[in-house]
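The residues making up each chain are set out below.
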Amino acid sequence: MSAPGVQSFTQQGWDQVLTKVKRALVYLDASCAESLHWGCGSTRLLEAVGGPACHLREFEPEAVGGGAQQPKAVFVLSSLLKGRTVEILRNIICRSHFQYCVVVTAVNHAVHLTANHVSAAAAAELEGQQPVFEQLEEKLCEWMGNMNYTAEVLHIPLLLAPAAPHLALTPAFASLFPLLPQDVHLLNSARLDKRRLGSLGEVDASALPPELLLQIRCLVSGLSSLCEHLGVREECFAVGPFSRIIAADLANYAPAKNRRKTSAGRASVVFVDRTLDLAGAVGHHGDNLVEKIISVLPQLPGHNSDVMVNMVELTALQNEEENQSMVAPGCLAQSSDMAAKALWEALLNTKHKEAVMEVRRHLVEAASRENLPIKMSMGRVTPGQLMSYIQLFKNNLKALVNHCGLLQLGLATVQTLKHPQTAKWDNFLAFERLLLQSIGESAMSGVLHQLLPLIKPSSQRTSDDYSPEELLILLIYIYSVTGESTEDKALAATEEKVKRALAQVFCEESKLSPLLQKITGCDSSANLTFHLAKVAVDELFASLRDVAGARHLLKQFKSVYVPADHTHQATYKPLLKQVVEEIFNPERPDPVDIEHMSSGLTDLLKTGFSMFMKVSRPHPGDHPLLILFVVGGVTVSEAKMIKDLVPSLKPGTQVIVLSTRLLKPLNIPELIFATDRLHPDLGA
């Protein structure tokens with residue numbers, strides 16, 4: 001049996017769910033569906049349910065109830081069993097004929113006690129009891145209409161959607177994003193009778209709104225379950241003010257204290273704020289095919305990290321737009337197809353050119369195994385060549401079924417290579433490299449000035465020009481790489497020119513995208529005046545200043561920009577790379593910006609004594625397992641970089657990259673301008 005990891009953790013959770021679902025109607029919320037999608041696939045769930053009909057339904061207010069022939073229901077939920085979630089549960093059950101209900105929540109009972117304002121002391125006295133779950137079981141029987149019917153409420157930690165053995169995502173926390181300096185003003189407005197916060201560095205758990213604090217506790221609950229599965233006692237570290245709050249909560253999470261006493265293994269869990277380096281998320285330096293697929297293909301509905309692959313080419317239908325919705329889309333996650341899964345993991349871990357050749361190799365081998373009439377051609381791989389191999393499977397149902405996962409990944413590759421946005425990728429990369437050289441040669445005003453000619457209204461844009469959303473991506477790149485710059489008249493004047501040009505472009509858009517609607521506060525371009533657009537752009541630039549100042553509190557990781565010298569051009573050095581290199585620095589200096597979070601009096605005494613005695617402080621490079629959690633999203637290229645870098649710095653060390661979501665460049669402006677960052681909707 002292989003060592004426990006993110007895939008076995010997810011598999012174990014779903015195995016527990018599958019024991020409950022025989023002949024049941026199964027209701028899943030979106031986050032649990034995403035965990036299933038990447039963890040073991042819906043086919044396994046349907047097989048466990050049994051019966052000829054499809055018994056999977058989305059957990060939402062309008063969900064269809066169970067008929068007279070459907071007496072059993074299983075609800076698999078990522079959220080707290082409270083508030084709106086319980087209302088939806090009640091409404092579905094009341095319009096059904098259930099006699100047996102099972103409710104699975106990914107949030108453990110201890111967090112439910114916190115959500116119900118039970119003090120830590122009172123919660124400690126309830127150890128081993130589950131009054132919140134027991135009360136809900138009674139309610140379920142009441143809603144079913146007979147107290148003798150069967151109801152069961154249990155916790156299964158369905159936290160992760162494992163994209164690979166080294167990379168897993170937390171779908172229920174896809175919107176969790178580190179705070180920005182502008183959020184301090186909002187926090188202060190709710191602290192009328194308390195001391196004002198001066199900066200993000202002063203924000204601690206007590207300053208956060210209760211909904212955000214509860215969201216963090218739900219995440220911590222799941223991470224503690226993961227550490228239990230891995231059999232490790234974790235030391236918690238943080239880079240950045242928001243990560244510090246999460247790391248401290250995990251370090252001091254009461255249900256974890258007994259677990260840690262008996263854990264044989266050791267691990268370092270390092271949380272890193274995404275906001276400290278947004279250039280890595282919006283940049284185009286990642287030479288990875290999967291990153292391009294995720295960026296250009298449409299998002300799979302209800303998912304944060306997978307895409308829709310158009311499968312019409314494998315049918316007799318014409319590949320017209322109206323036919324695309326008639327055929328179920330393909331996707332990237334191939335959790336139950338071992339051959340396709342192997343290809344997917346190869347694509348994650350290779351550069352673009354090698355990945356395309358790997359797709360061709362897999363298609364050729366599959367066609368050969370099925371005795372399809374393949375014509376071999378060497379040399380450069382083209383979309384047309386890949387398509388010709390894929391078309392061989394079209395009229396052979398057996399071959400199509402046998403290699404369905406592989407064909408989905410093949411079509412995703414073809415559609416990405418042919419996509420106009422892929423051609424633009426190199427334009428972005430060239431401009432980003434030009435900006436890096438400009439930063440060293442001129443002031444910030446000069447760097448911004450290079451952007452002005454690219455800002456064009458829709459009437460003057462060609463397919464090679466940048467849309468308003470793409471201009472925002474470039475602006476975020478500029479401000480994140482440059483960091484804090486001294487304000488002068490030249491910068492203020494250039495910023496004003498860029499602002500006015502952007503406001504004009506917003507006004508002249510024939511249709512406002514969802515992102516522009518969010519930024520401008522207008523749902524239609526007809527209602528957007530220049531004045532409204534300019535006000536919105538002024539606020540946008542205030543956010544960009546926040547992005548530039550995100551590393552203000554750091555001492556060691558203050559810059560991601562490496563200036564040019566006599567032999568090398570200026571480059572971008574990812575913050576995550578700097579963090580990993582510092583963790584495994586052979587000289588083992590005390591980390592300056594990687595802060596250890598103590599988990600009680602013993603740790604505090606160690607830290608205190610270390611000031612005047614030879615007591616070693618906990619160091620993130622001490623343990624055989626490093627779990628690096630990027631709060632706010634990670635790119636495929638970053639995950640690959642970390643996976644490759646750790647064993648090169650310290651052979652034998654295992655690394656797991658966790659994050660809230662897989663990122664594409666457009667996600668970052670969406671997350672920065674999200675209005676619910678401080679007050680997440682927990683369904684409670």
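Residues numbered from 1 in each chain as written. Predicted model: local features only at pLDDT ≥ 70, side-chain atom pairs only at ≥ 80, totals over all residues. Heavy atoms only, no water.

Under an unreviewed UniProt entry, the chain has the name Sec1 family domain-containing protein 2 isoform X1 and belongs to Phyllostomus discolor. The Sequence similarities (unreviewed entry) field of the UniProt record for the chain holds the comment "Belongs to the STXBP/unc-18/SEC1 family." (UniProt positions renumbered as here; feature names shortened; annotations may be inferred.)

## A look at the pattern of salt bridges
Scanning the entire structure with this criterion turns up 24 salt bridges. Across the salt bridge formed by D183 and R677, the nearest N and O atoms sit 3.0 Å from each other. You can see D183 sitting in helix α8 (residues 181-189) and its partner R677 sitting in the segment after α29 (667-672), a full 494 residues away along the chain. Using a relative accessible area of 3% as the deciding quantity, one classes D183 as buried. Here E235 makes a salt bridge to R266, at a shortest N to O gap of 3.1 Å. Of the two residues, E235 sits in strand β8 (residues 232-239) while R266 sits in strand β9 (residues 265-273), which places them 31 residues apart along the sequence. (Salt bridge = Lys/Arg side-chain N within 4 Å of Asp/Glu carboxyl O. Helix = DSSP H or I, 4+ residues; strand = E, 2+ residues; numbered from the N terminus. Buried < 20%, exposed > 50% of the residue type's maximum accessible area, 1.4 Å probe, protein only.)

## Quick look at the domain arrangement of the chain
Taken domain by domain, the chain comprises domain 1 (6-158), domain 2 (159-277 + 574-683), domain 3 (298-418) and domain 4 (438-549). Each of domain 2 and domain 3 has a C-alpha centre, and these two points are 37 Å apart. Buried surface at the junction of domain 2 and domain 3, summed over both partners, amounts to about 880 Å²; 54% is from carbon and sulfur atoms. For the pair domain 2 and domain 3, the number of links is zero salt bridges. (Domains from an automatic or database assignment. Buried area = accessible area lost by both parts, 1.4 Å probe.)

## Digging into the sheet that holds β8
Read from one edge of the open sheet, seven strands run β6-β7-β14-β13-β9-β8-β12, paired in mixed fashion. Each end of this open sheet is capped by a strand with a single partner; those strands are β6 (161-164) and β12 (595-597). Shown here is a sheet whose adjacent strand axes are inclined to one another by a mean of 25°, direction ignored. (Pairing = 2+ DSSP bridges. Axes fitted to C-alpha atoms, helices over the stretch in contact; angles between N-to-C directions.)

## Regarding the packing of helix α4 (residues 84-94) against helix α7 (residues 131-144)
Where α4 contacts α7, the axes come no closer than 8 Å and their chain directions differ by 35°. Relative to α7, the crossing made by α4 is right-handed. Taken together, the residues of α7 that come into contact with α4 (itself represented by V86, L89, R90, I93 and C94) are L140, W143 and M144. Of the residues that constitute the contact of α4 with α7, the class distribution is seven nonpolar, no polar and one charged. (Left-handed = near helix turned anticlockwise from the far one by under 90°. Contact = heavy atoms within 4.5 Å. Nonpolar A, V, L, I, M, F, W, Y, C, P; charged D, E, K, R; others polar.)

## A closer look at unusual backbone geometry
Backbone geometry places R23, a non-glycine residue, at a positive phi of 55°. Tracing the backbone shows R23 in the loop between α1 (6-18) and β1 (25-28). The exposure class of R23 is exposed, given its relative accessible area of 61%. Positive phi is not limited to glycine here, since H117 has a value of about 60°. Examined against the element boundaries, H117 turns out to sit in the loop between α5 (109-115) and α6 (120-125). Classification of H117 as exposed rests on a relative accessible area of 73%.

## Focus on the sheet that holds strand β5 (residues 150-155)
Taken in spatial order, the five strands of this open sheet run β2-β1-β3-β4-β5, and their pairing is parallel. Every interior strand has two partners, whereas the edge strands, β2 (56-58) and β5, have only one. Between one strand axis and the next, the sheet turns by 15° as a mean value, whatever way the strands run. Looking at chain direction, β1 and strand β3 (residues 72-77) are connected through four bridges and run parallel. Bridge assignment links Y27 to a residue of β3, and that residue is F75.

## Looking at the pairing of β1
Of the two faces of β1, both are covered, the one formed by L25 and Y27 as well as the one formed by V26 and L28. Here β1 runs beside β2; their pairing, made up of three bridges, is parallel. Bridge assignment links L28 to a residue of β2, and that residue is E58.

## Some details on the layout of surface pockets
Space inside the largest pocket adds up to approximately 1100 Å³. In terms of lining, the largest pocket is formed by 34 residues, of which the most central are N108, A110, Y253, A254 and P255. For the lining of the largest pocket, the element with the highest residue contribution is helix α9 (residues 210-230), accounting for six residues. By residue class, the composition of the lining of the largest pocket is 12 nonpolar, 17 polar and five charged. Each of domain 1 (6-158) and domain 2 (159-277 + 574-683) accounts for three or more of the residues forming the lining of the largest pocket. (1 Å grid on protein atoms, 1.4 Å probe; cavity = no way out; pocket = protein on both sides within 12 Å on 5 of 7 lines; lining within 4 Å. Points joined across faces, edges and corners; volume = space filled by probe spheres on them.)

## Focus on the packing of helix α26 (residues 575-583) against helix α28 (residues 636-649)
At a minimum axis separation of 10 Å, α26 and α28 run at an interaxial angle of 20°. As the angle between them shows, α26 and α28 are arranged roughly parallel. Considering only the axes of α26 and α28, their crossing is right-handed. Taking contact as the criterion, the partners of L576, K577, V580 and E581 in α26 are, on α28, E638, M641, I642, L645, V646 and L649. The residue inventory of the contact of α26 with α28, partitioned by class, reads seven nonpolar, no polar and three charged. (Parallel < 35°, antiparallel > 145°, perpendicular 65-115°, else oblique.)

## Details of the nonpolar core
Burial of nonpolar side chains together is a common tendency in soluble globular proteins. Formed by 130 residues in total, the largest nonpolar core has its most connected members in L475, Y479 and I668. Sequence-distant contacts of Y479, that is, excluding residues within four places in its chain, are made with M444, L448, E495, F541, L544, R545, V547 and A548. Of all hydrophobic cores here, the second largest spans 52 residues; its members include C218, F242, A256 and F629. (Core = buried A, V, L, I, M, F, W, Y, C linked by side-chain atoms within 4.5 Å.)

## A word on the pairing of β8
For β8, the buried fraction is high: seven of the eight residues fall into the buried class. Where β8 meets β12, three bridges bridge the pair, whose relative direction is antiparallel. When the bridges of β12 are listed, C236 appears paired with M597.

## Focus: the side chain of E234
The residue E234 is located in strand β8 in this model. Of note is the side chain of E234, whose polar atom sits 2.9 Å from the side chain of R259. At a separation of 2.7 Å, a polar atom in the side chain of E234 contacts the side chain of R260. With sequence-adjacent residues up to four places away left out, E234 is seen in contact with C227, L250, R259, R260, A267 and V269. (Polar contact = N/O pair within 3.5 Å; in protein donor to acceptor, adjacent residues only side chain to side chain.)

## A closer look at the packing of aromatic side chains
Counted by the stated rule, this structure contains eight aromatic pairs. Here the aromatic rings of F431 and Y466 are separated by 6.5 Å at their centres, their planes lie at 45°, and the arrangement is tilted. With F431 in helix α20 (residues 420-441) and Y466 in the loop between α21 (444-449) and α22 (468-482), this pair connects stretches of sequence that are 35 residues apart. (Phe/Tyr/Trp six-rings, centres within 6.5 Å; stacked < 30°, edge-to-face > 60°.)

## Focus on the environment of V270
One can find V270 in strand β9. Taking the relative accessible area as the measure of exposure, V270 reaches 0% and is therefore buried. Taking the C-alpha atoms as reference points, V270 and F629, separated by 359 residues in sequence, lie 6.1 Å from one another. Not counting chain neighbours up to four residues away, the residues in contact with V270 comprise F237, V239, I583, I594, P620, L626, I627, L628 and F629.

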